[in-house]
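Observations on the three-dimensional arrangement
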Amino acid sequence: MGRKLYTRLYRAGNPDWHRQVVGGMWTEMGQLQFDFLVQQGLKPTHRFLDVGCGSLRGGIHFIRYLEPEHYWGIDINLALLRAGREEVRREGLAPKAPRLVRLADFEFQTLGPKFDYALAQSVFTHLPLNRIIRCLVNIDQVLIPGGRFYATFFESTRQFNLEPLLHSRPDGPDFETYFDRDPYHYNLGTFQWVCAWTGLSVTNIGQWGHPRDQRVLLFTKTG
Ligand SMILES: C[S@@+](CC[C@H](N)C(=O)[O-])C[C@H]1O[C@@H](n2cnc3c(N)ncnc32)[C@H](O)[C@@H]1O
């Protein structure tokens with residue numbers, strides 16, 4: 001999310017600011033995340049952690065589907081979490097009692113439960129590697145054995161791709177991702193290297209219908 005866009009829309013009092021700053025395409029991207037994880041085996045009885053949930057673009061769908069108190073959304077941005085609470089109220093989903101918590105450093109252990117499934121949609125795309133490592137080391141602590149964490153990313157097929165990578169999208173001009181600034185690209189080997197130091201294994205699921213060329217990784221709790 002661009003900080004400038006966020007500030008401009010928020011300060012201008014745009015009632016839809018919270019839907020736009022998470023990337024827009026509110027309906028399509030919310031539904032896509034949900035359909036994908038159900039296809040990947042998410043069940044209403046599972047405990048689910050939405051990492052960088054924002055204003056609940058996907059969260060609303062997961063909350064509706066999961067049993068009460070089984071959805072946990074965390075984000076660093078309090079204003080987005082507040083907007084997400086308002087979306088929950090508007091959708092009549094308050095009885096599902098979703099847990100929305102501000103965490104600044106992925107300290108998932110403070111939440112309490114262990115999770116069956118977790119998702120970070122459009123989060124690693126904005127984070128430098130050390131922040132991602134922090135997220136993975138912590139997610140390792142809160143997944144049940146066999147638990148699954150899905151994370152979207154921009155893929156580079158070279159180990160250290162210092163050049164910008166060009167991506168196309170149907171709803172706007174082509175855009176670039178970068179080795180060392182937001183939006184970031186990474187290659188699978190980098191995640192495999194990180195996983196060697198955790199109880200996680202990683203596979204690249206690859207394309208999953210994302211309209212802006214994000215691929216998806218599956219981290220599984222093995223150790
Ligand atoms: C592009 S938005 C995507 C939000 C949501 N996953 C969705 O698909 O609508 C990225 C989100 O990651 C959050 N984020 C960025 N860094 C974070 C961190 N260190 N901890 C928690 N959330 C973070 C942002 O505040 C933002 O809500």
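See the structure above.
Scope of this entry: the structure provided in the associated data block. Worth saying up front: this structure is predicted, and the values here are computed from it rather than measured.

Rules used throughout
- Residues numbered from 1 in each chain as written.
- Predicted model: local features only at pLDDT ≥ 70, side-chain atom pairs only at ≥ 80, totals over all residues.
- Heavy atoms only, no water.
- Helix = DSSP H or I, 4+ residues; strand = E, 2+ residues; numbered from the N terminus.
- Buried < 20%, exposed > 50% of the residue type's maximum accessible area, 1.4 Å probe, protein only.
- Polar contact = N/O pair within 3.5 Å; in protein donor to acceptor, adjacent residues only side chain to side chain.
- Contact = heavy atoms within 4.5 Å.
- Phe/Tyr/Trp six-rings, centres within 6.5 Å; stacked < 30°, edge-to-face > 60°.
- Lys NZ or Arg CZ within 6 Å of the ring centre and 35° of its normal.

Turning our attention to the side chain of Gln214. Note that Gln214 resides in the loop between strand 9 (200-206) and strand 10 (215-221). The class for Gln214 is buried, based on a relative accessible area of 7%. Reaching out from Gln214, the side chain makes a polar contact with the side chain of Ser122 at a distance of 3.0 Å. Side-chain polar atoms of Gln214 contact the side chain of Thr152, separated by 2.6 Å. With sequence-adjacent residues up to four places away left out, Gln214 is seen in contact with Gln121, Ser122, Thr125, Thr152, Phe153, Phe154 and Trp208.

This part is about the packing of aromatic side chains. This model, assessed by the stated rule, comprises 18 aromatic pairs. Ring centres 6.0 Å apart and planes at 40 degrees place the aromatic pair Phe48 and Tyr71 in the tilted group. With a gap of 23 residues between them, Phe48 in strand 1 (residues 48-51) and Tyr71 in strand 2 (residues 71-75) connect regions that are remote in the sequence. Here the two residues Phe48 and Tyr71 agree in accessibility, since each one is buried. Consider the rings of Phe160 and Phe179, whose centres lie 6.3 Å apart with planes at 90 degrees: the pair is edge-to-face. With a gap of 19 residues between them, Phe160 in the loop between strand 5 (143-155) and strand 6 (165-169) and Phe179 in the loop between strand 7 (172-177) and strand 8 (185-186) connect regions that are remote in the sequence. A residue is classified by how much of its surface remains accessible, and Phe160, at 55% relative accessible area, is exposed. In this structure, Arg181 packs its charged tip against the face of Tyr178, placed 3.8 Å from the ring centre.

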